[in-house]
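These are the residues of each chain, in order.
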Amino acid sequence: EVPEKVAIIKRIKDEGHELANHTYSHPFGFRSLSPQQQHDEIVKGEEVIRQITGKSPSGFKAPGYDMDHLLLQTLREKGYSYDSSMIPTFVYPIIMRINNIFSGGVPRTHGPKWYWAIAPNKPYFPSFSSEWRRKSISLNDRKQNLLEIPSSVIPFFRLPFHATFALRLGNLYFKTAYALAKRRKAPLVYEFHAADLADTISDHRLSHLKNYPLERRLELVEKIIQQIAADYNVLTTHDLVKELSPK
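Bear in mind the structure is a predicted one, so any value in this text is a computation, not a measurement. (Residues numbered from 1 in each chain as written. Predicted model: local features only at pLDDT ≥ 70, side-chain atom pairs only at ≥ 80, totals over all residues. Heavy atoms only, no water.)

(A) Summary view of the pattern of salt bridges. Under the definition given, this model contains eight salt bridges. For Glu46, the salt bridge identified is with Lys78, shortest N-O distance 3.9 Å. Of the two residues, Glu46 is situated in helix α2 (residues 35-53) and Lys78 in the loop between α3 (69-77) and β2 (82-83); the sequence distance between them amounts to 32 residues. Linking Asp231 and Lys182 is a salt bridge whose minimum nitrogen-to-oxygen distance equals 3.6 Å. Placement of Asp231 in helix α8 (residues 214-231) and of Lys182 in helix α7 (residues 171-182) is noted, with a sequence separation of 49 residues between them. Owing to a relative accessible area of 34%, Asp231 belongs among the partly exposed residues under this scheme. Residue class for Lys182 comes out partly exposed when judged on its relative accessible area of 36%. (Salt bridge = Lys/Arg side-chain N within 4 Å of Asp/Glu carboxyl O. Helix = DSSP H or I, 4+ residues; strand = E, 2+ residues; numbered from the N terminus. Buried < 20%, exposed > 50% of the residue type's maximum accessible area, 1.4 Å probe, protein only.)

Here it is, written out as structure tokens:
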């Protein structure tokens with residue numbers, strides 16, 4: 001492994017953060033991989049985290065929100081307590097379709113499905129046959145089941161407002177979306193992408209950040225974190241799952 005990256009992971013763990021499994025190589029089109037390829041990506045990611053931190057991850061997030069009910073069943077069988085691959089919005093399929101047109105017909109290989117917009121906008125136990133449907137299960141079953149922790153979106157409008165969108169659309173967009181989300185009285189699962197704070201912009205997918213100095217991006221992210229910390233009890237997803245599980 002890359003020593004610099006190992007040092008970063010150790011620092012993340014030492015500062016009290018949770019490390020979940022995001023696959024080994026971050027392949028796009030994850031749900032189109034064969035079951036064996038998916039299994040290998042999950043297991044390799046687990047092994048690296050365990051080797052560096054001494055602890056196996058209890059949660060998983062697929063690259064590009066690219067999951068289905070078959071992936072969730074694999075995670076159940078491997079003993080994961082939660083998945084956080086769902087984002088209940090109709091926006092991503094539209095964005096990816098537009099990108100497909102402007103990129104000369106490059107096929108969309110991953111991402112959310114449009115009907116995920118009607119999935120729950122708060123933690124839920126997903127159906128065995130449909131990742132976006134809530135399943136009613138007994139208290140005893142909950143102790144052994146997989147909890148889906150979706151990325152929060154704006155209530156009713158179902159628009160994403162994680163940090164990538166805040167950086168694209170500005171602080172006013174975040175403040176408006178955040179005010180609406182806060183009224184829900186539900187857990188807030190707010191997402192930050194490390195790429196949004198890249199100091200060197202070379203990937204064409206990050207072209208919107210080229211004229212956005214890192215100092216300004218850091219300033220906005222710090223404001224978002226401070227706002228959330230003032231209004232919510234900030235905790236790891238692993239601890240959130242424990243809070244939501246029956247005693």
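Okay, back to it.
(B) Structural detail: the sheet that holds strand β3 (residues 147-148). Spatially, the three strands line up as an open sheet ordered β1-β2-β3, and their pairing is parallel. The open sheet terminates on both sides in strands that have one partner only, identified here as β1 (59-60) and β3. Bridging between β1 and β2 involves two bridges; their strand directions are parallel. Within β2, the residue paired with Phe60 across the bridge is Asp83. (Pairing = 2+ DSSP bridges.)

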